[in-house]
Amino acid sequence: MKRIAIFVLLAGTIAFAQEIRMPVDLDKLAAKASETTEVTLNGRTLQLAAKFMNDEGDEEARNIVKKLKGIYVRSFEFDSPGQYSQADIESLRAQLKSPMWEKVVNVHSKRDGENAEIYFKTDAGDQIAGLVVIAADPKELTIVHIDGPLDPSDLDKIGGDFGVPRLETRPQAKAPKAGPR
Amino acid sequence: MVFSIAYRFLRDAATAEELAQDVFLKLHHELPRLESADHVKFWLRKVITHRSLDYARSAYRRHAVALDEIPEPAVASADSDPLLAAALRKMVASLPHEARMIVVLRYQEEMEPHEIAEMLAMPVATVKSRLRRTLVLLRGKAQRLMGETVR
Amino acid sequence: MNDLEKQLRHALRRSDPPRGFAERVIAQIHQDSDRESHRNVSSWNWGLKLRWAAIPALAAVLVFGFWFRAYEQRQQEKEALAAKQQVMLALRITGSKLRMAKAKVKAVEDERLKTENTL
């Protein structure tokens, strides 16, 4: 299968923010992946991007991004299961055991092998100061680290998929039954 | 850019012009070999940086001309202090050659430490530590001079 | 960037060369090229031809000293637009994973409720 690697490394560094460091093992996964997405945006680049986020629909993203210190994404897709192991992300999980980080979601699905962990970092004022998402399924591993303050409403907006209409969360009103024929 | 690097470094307008002229003359000869605008810019910065350093280090020195002879841009930034700016320029001029050039490349040209390291052929760690020590020094001097806290 | 660094950026902002600088440089280049052409009068020297051809470009660089600034501005815009695309990509990826996690949590919760209702 053709290998497609998409490296978008804009900040010139593969280190996460000060506390979180990208495990070296993850770079080895790129060699095995059929598709790799890598985004590294430090504070300076984010500020620059925010200045140019003036199109219609950019406002929400801009308001979130301009506060952030960094956004880091590593995503690997593999042709077959078993190309990575939990050990590859253990050193990342070990960093998230520090008191500043709290695991708020930990879901493991045996049925489809999809797992998700979400960690929040909180500051002295108990506000969210960082987010790590580890999403793993047999053929895909994604790690996202957002460094910087996030409101819960920001997370709603991020979860709403920028650029794509949000799915309705309230149940749709049922269509009236057809009248007698 | 070319004149400005030499000028901010040497604090001597006449010498800065002379060096800048030499560099452009040399560019004229080199231009066919330079591949892109980026390459030209990099080349110009590198040559003027090294020419300025060489000049400063050489035994032959001209008498420095007072900075006041060159007018600063007319529009002052609303959030800057012209007295502090003038004081800082003098302090930077008193720094040792390499530290001074590092400061000029960092704050005038907004080059990153790794770019400065490449330009000056020195380790990145050295650039960063010199920058750090220089900022500490400048902060202290500025505070003593201005009698106020400079963060 | 802290206050001192901002002040340094302001204090060390680029200074324009004295009036007439560009004209003096171009004059110097013409002189230099004239000397070259006298030395190589018999041959059509491609190197010299290139240098002559480069004079207008060099003149443009000198006379329009802001060319680099405009170029830098354009480069910065390009960099910013590329960064914006990456920001949106990163946020979309994050969003999709957050939604996946939310769906999983909901599925677990629904299963738990179903079990409780059955009991």
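Here the structure is a predicted model, which is why all the values come from computation and not from measurement.

(A) Highlighting the interface of chain C and chain A. Taken together, the contacts link 26 residues of chain C with 40 residues of chain A. Taken together, both faces of the contact between chain C and chain A bury some 2900 Å²; the carbon and sulfur share is 78%. Per-residue buried area on chain C facing chain A is highest for K84, L91 and K104 of chain C; these three make up 20% of the total on that side. Inspection of the region where chain C meets chain A yields four salt bridges. Summed over the shared surface of chain C and chain A, the result is three residue pairs in polar contact (both at pLDDT 80 or more).

(B) Representation of the nonpolar core in the model. Grouped together as the largest cluster of nonpolar side chains are 58 residues, with contacts concentrated most on V2, L27, L44, V103, L105 and L120 of chain B together with L8 of chain C. Look past the residues within four positions of L105 of chain B in its chain and what remains in contact with it is I5, T49, E110, M111, I116, M119 and L120 of chain B. Counting 35 residues, the second largest nonpolar core, distinct from the first, contains L46, A50, F120 and L155 of chain A.

(C) Inspection of unusual backbone geometry at higher detail. All names here are of chain B. Of note in this structure, R11 is not a glycine but carries a positive phi near 60°. Relative to the helices and strands, R11 resides in the loop between α1 (2-10) and α2 (13-30). Its relative accessible area of 13% is what places R11 among the buried residues.

(D) Just the environment of L53 of chain B, in detail. Inspection of the secondary structure assignment puts L53 of chain B in helix α3 (residues 37-57). With relative accessibility at 3%, the residue L53 of chain B sits in the buried group.

(E) Main features of the confidence of the model for chain C. Residues and elements named next belong to chain C. With 65% of its residues at a pLDDT of 70 or more, chain C has an overall mean of 74. The secondary-structure element of chain C with the lowest mean pLDDT is helix α3 (residues 46-63), recorded at 56, while helix α1 (residues 3-11) shows the highest, at 87. Both confidence scores are given for the complex: pTM 0.48, ipTM 0.75.

(F) The arrangement of the pairing of strand β6 (residues 128-137) of chain A in detail. Residues and elements named next belong to chain A. Here β6 lies mainly inside the structure; nine of its ten residues are buried. Judged from the eight bridges that link them, strand β5 (residues 115-122) and β6 form a sheet pairing that is antiparallel. What sits directly across from E117, in β6, is I134. Hairpin connection between β5 and β6: a loop of five residues separates the two successive antiparallel strands, and D126 in this loop has a positive phi of roughly 65°. Taken together, the eight bridges between β6 and strand β7 (residues 140-147) define a ladder with antiparallel strand orientation. Within β7, the position partnered with I134 by the bridge is I143. Hairpin connection between β6 and β7: a loop of two residues separates the two successive antiparallel strands.

(G) A look at the packing of aromatic side chains. As enumerated under the stated definition, the model contains five aromatic pairs over all chains in all. Relative to F21 of chain C, the ring of F3 of chain B has its centre 6.2 Å away and its plane inclined at 55°; by these criteria the two rings are tilted. You can see F3 of chain B sitting in helix α1 and its partner F21 of chain C sitting in helix α2 (residues 21-39), one on each of two chains. Seen from their ring centres, F24 of chain B and F21 of chain C are 6.2 Å apart, and the 65° between their planes marks the pair as edge-to-face. Here F24 of chain B is found in helix α2, whereas its partner F21 of chain C is found in helix α2 on a different chain. The exposure classification of F24 of chain B matches that of F21 of chain C, with both residues buried. The structure contains a cluster of three or more aromatic residues connected by ring pairs, namely F3, Y7 and F24 of chain B together with F21 of chain C. Positioned over the ring face of F9 of chain B is R100 of chain B, at 4.6 Å from the centre of the ring. A cation sits over an aromatic face here: R106 of chain B above Y107 of chain B, 5.9 Å from the ring centre.

Conventions adopted
Residues numbered from 1 in each chain as written. Chains lettered and ligands numbered in written order. Predicted model: local features only at pLDDT ≥ 70, side-chain atom pairs only at ≥ 80, totals over all residues. Heavy atoms only, no water. Contact = heavy atoms within 4.5 Å. Buried area = accessible area lost by both parts, 1.4 Å probe. Salt bridge = Lys/Arg side-chain N within 4 Å of Asp/Glu carboxyl O. Polar contact = N/O pair within 3.5 Å; in protein donor to acceptor, adjacent residues only side chain to side chain. Core = buried A, V, L, I, M, F, W, Y, C linked by side-chain atoms within 4.5 Å. Buried < 20%, exposed > 50% of the residue type's maximum accessible area, 1.4 Å probe, protein only. Helix = DSSP H or I, 4+ residues; strand = E, 2+ residues; numbered from the N terminus. pLDDT = per-residue confidence, 0-100. Pairing = 2+ DSSP bridges. Phe/Tyr/Trp six-rings, centres within 6.5 Å; stacked < 30°, edge-to-face > 60°. Lys NZ or Arg CZ within 6 Å of the ring centre and 35° of its normal.

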